[in-house]
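# Understanding the architecture of this molecule
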Amino acid sequence: MEMANMRKITYWLSTLGVASGLVGSGVQQLLRTEGEGALAPPYAWGIVQLGYPVYILTLLGVWKLLGAAAILLPKYPLLKEWAYAGLFFLFTGGMFSHVASGDAWYESLPALILLALSIVSWHFRPADRRLLPRTADLDLSAGSRRA
């Protein structure tokens, strides 16, 4: 498989992973639903345990849905840069909240996984989804004319 196709596949797998995590948790937070099973977080109870008011769930849920839409939409590179920055703050803030509240290390794993997928998605995004082109995408022949 050629390198360009591998980059595209890596981008879309990581982007769809982040977007599905954002949509799933964002909807749960907006609806205030409790998770099912051992790994599912209980949202209203969990957010209070972390020291935040329950109403913050509405804000986080909306931000997550908007972030998912922003990274999935074609074009709009400036919006994407802001969305990826917001995701970085969202996930690192979530990890810090768990650590600061004394939770076990594994409570931060969902945020860590989504953070890693966000970084991979950001790194491998195609040229039309970038604010500035990658160095490898630049035409270096223009620089050689200066001599």
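The text that follows walks through the structure, step by step, so that each part is easy to find. Everything numeric in this text was worked out from a predicted model, so none of it was measured.

So, about the packing of aromatic side chains. Each aromatic ring pair is characterised by the separation of its centres together with the angle its planes make. For the coordinates displayed, the defined rule picks out three aromatic pairs. Here Tyr11 and Trp12 contribute two aromatic rings whose centre-to-centre distance is 5.0 Å and whose plane-to-plane angle is 75°, an arrangement assigned as edge-to-face. Overall, Tyr11 belongs to the buried group, its relative accessible area being 0%. Between Phe88 and Phe89, the ring centres sit 5.9 Å apart and the planes meet at 70°, which makes this aromatic pair edge-to-face. In this structure Phe88 comes out as partly exposed when scored by relative accessible area, which is 39%. For Phe89, a relative accessible area of 59% gives the class exposed.

For an α-helix, 3.6 residues make a turn, and residues three or four places apart therefore share a direction. Between its terminal C-alpha atoms helix 1 (residues 3–31) stretches 42 Å, which fits the 42 Å expected from 29 residues at 1.5 Å a residue. Inspection of helix 1 places Arg7, Tyr11, Ser14, Thr15, Val18, Ala19, Leu22, Ser25, Gly26 and Gln29 among the buried residues, and these make up the whole buried set. Immediately beyond the C-terminal end of helix 1, within one or two residues, lies Arg32, with a positive phi of roughly 60°.

Attention shifts here to the packing of helix 3 (residues 56–72) against helix 4 (residues 77–100). As a packed pair, helix 3 and helix 4 sit with axes 9 Å apart at the nearest point and diverge in direction by 140°. Here helix 3 is positioned oblique relative to helix 4, judged by the angle of their axes. Considering the relative orientation of helix 3 and helix 4, their crossing is left-handed. Here helix 3 contributes Leu60, Lys64, Gly67, Ala70, Ile71 and Leu72 to the contact with helix 4, which in turn contributes Leu79, Lys80, Ala83, Tyr84, Leu87 and Leu90. Class assignment for the residues of the contact of helix 3 with helix 4 results in nine nonpolar, one polar and two charged.

Val18, Leu22, Ile71, Tyr84, Leu87 and Phe91 are the most contacted members of the largest nonpolar core, which has 15 residues in total. Elements that contribute at least two residues to this core include exactly helix 1, helix 3, helix 4 and helix 5 (109–124). Ignoring any residue separated from it by four or fewer positions in sequence, one finds Tyr84 in contact with Tyr11, Thr15, Ile71, Ser118, Ser121, Trp122 and Arg125.

About the thresholds
Counting starts from 1 at the beginning of each chain's written sequence and moves along it residue by residue. Where local features are concerned, this predicted model is filtered to residues with pLDDT of at least 70; where side-chain atom pairs are given and counted, the filter is 80 or more; whole-chain, interface and lining totals use all residues. Calculated side-chain values reflect all of the structure's heavy atoms, with hydrogen atoms and water omitted. Here is the rule: rings of Phe, Tyr and Trp (six-membered ring for Trp) pair when centre to centre is within 6.5 Å. Planes less than 30 degrees apart are stacked, more than 60 are edge-to-face, and the remainder are tilted. Type-normalised accessible area, obtained with a 1.4 Å probe on protein chains alone, sets the label of each residue: buried when under 20%, exposed when over 50%, and partly exposed for intermediate values. The secondary structure listing takes helices from DSSP runs of H or I that are at least 4 residues long and strands from runs of E that are at least 2 residues long, numbered from the N terminus. The span one expects for a helix is its residue count, reduced by one, times 1.5 Å. Between the N-to-C directions of two axes lies an angle of 0 to 180 degrees, each axis being a line fitted to C-alpha atoms and, for a helix, fitted only over the stretch in contact. Note on angle classes: values under 35 degrees are labelled roughly parallel, values over 145 roughly antiparallel, values of 65 to 115 roughly perpendicular, and the remainder oblique. Crossing handedness is defined as follows: a turn of the near helix away from the far one that is anticlockwise and smaller than a right angle gives a left-handed crossing, while the clockwise case is right-handed. Contact between two residues is taken to exist if any of their heavy atoms lie within 4.5 Å; hydrogens are not considered. Residues are grouped as follows: Ala, Val, Leu, Ile, Met, Phe, Trp, Tyr, Cys and Pro are nonpolar; Asp, Glu, Lys and Arg are charged; all remaining types, including Gly, are polar. Within this scheme, the nonpolar core is defined by two criteria: the residues are buried Ala, Val, Leu, Ile, Met, Phe, Trp, Tyr or Cys, and they are joined through side-chain atoms within 4.5 Å.

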